[in-house]
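# A structural walkthrough
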Amino acid sequence: MKRGDGTPVGYDGTGSIAISQGSIRSVAAGNRTTTVKLASGTTYIIQATQMITFPNALQTVTSISR
């Protein structure tokens, strides 16, 4: 994940983590398909090696599963 100011925030390995990480601009899956849930209730499934960017607003990530 990268914050709006470009600062990287990472989660390595497998499993799930419940977090509250705000001001996120983009999320990259790395080498595993990754599920990301946002505070808005939206869930994204990102295929391995792919990245999503939130174009209109910074988001708060509430959980990650890999």
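Worth saying up front: this structure is predicted, and the values here are computed from it rather than measured.

Our focus in this paragraph is the pairing of strand 6 (residues 59-65). Relative to strand 6, strand 2 (residues 16-28) is paired through five bridges, and the arrangement is antiparallel. Its bridge partner lying in strand 6, I17 is registered against I64. Bridge analysis of strand 3 (residues 34-38) against strand 6 gives four bridges, and the strand direction is antiparallel. Across the sheet, the residue bridging to K37 is S63, located in strand 6.

Burial of strand 3 is one-sided: the residues T34, V36 and L38 facing one way are buried, the residues T35 and K37 facing the other way are not. As paired elements, strand 3 and strand 4 (residues 43-46) share four bridges and run antiparallel to each other. When the sheet's bridge partners are listed, K37 is paired in strand 4 with T43. Joining the antiparallel neighbours strand 3 and strand 4 is a turn of four residues, in which G41 adopts a positive phi near 100°.

Further remarks concern unusual backbone geometry. Look at S23: it is not a glycine, yet its phi comes out positive at around 60°. Relative to the assigned elements, S23 resides in strand 2. Note on S23: relative accessible area 40%, which makes it partly exposed.

Rules and cut-offs
- Residues numbered from 1 in each chain as written.
- Predicted model: local features only at pLDDT ≥ 70, side-chain atom pairs only at ≥ 80, totals over all residues.
- Heavy atoms only, no water.
- Pairing = 2+ DSSP bridges.
- Helix = DSSP H or I, 4+ residues; strand = E, 2+ residues; numbered from the N terminus.
- Buried < 20%, exposed > 50% of the residue type's maximum accessible area, 1.4 Å probe, protein only.

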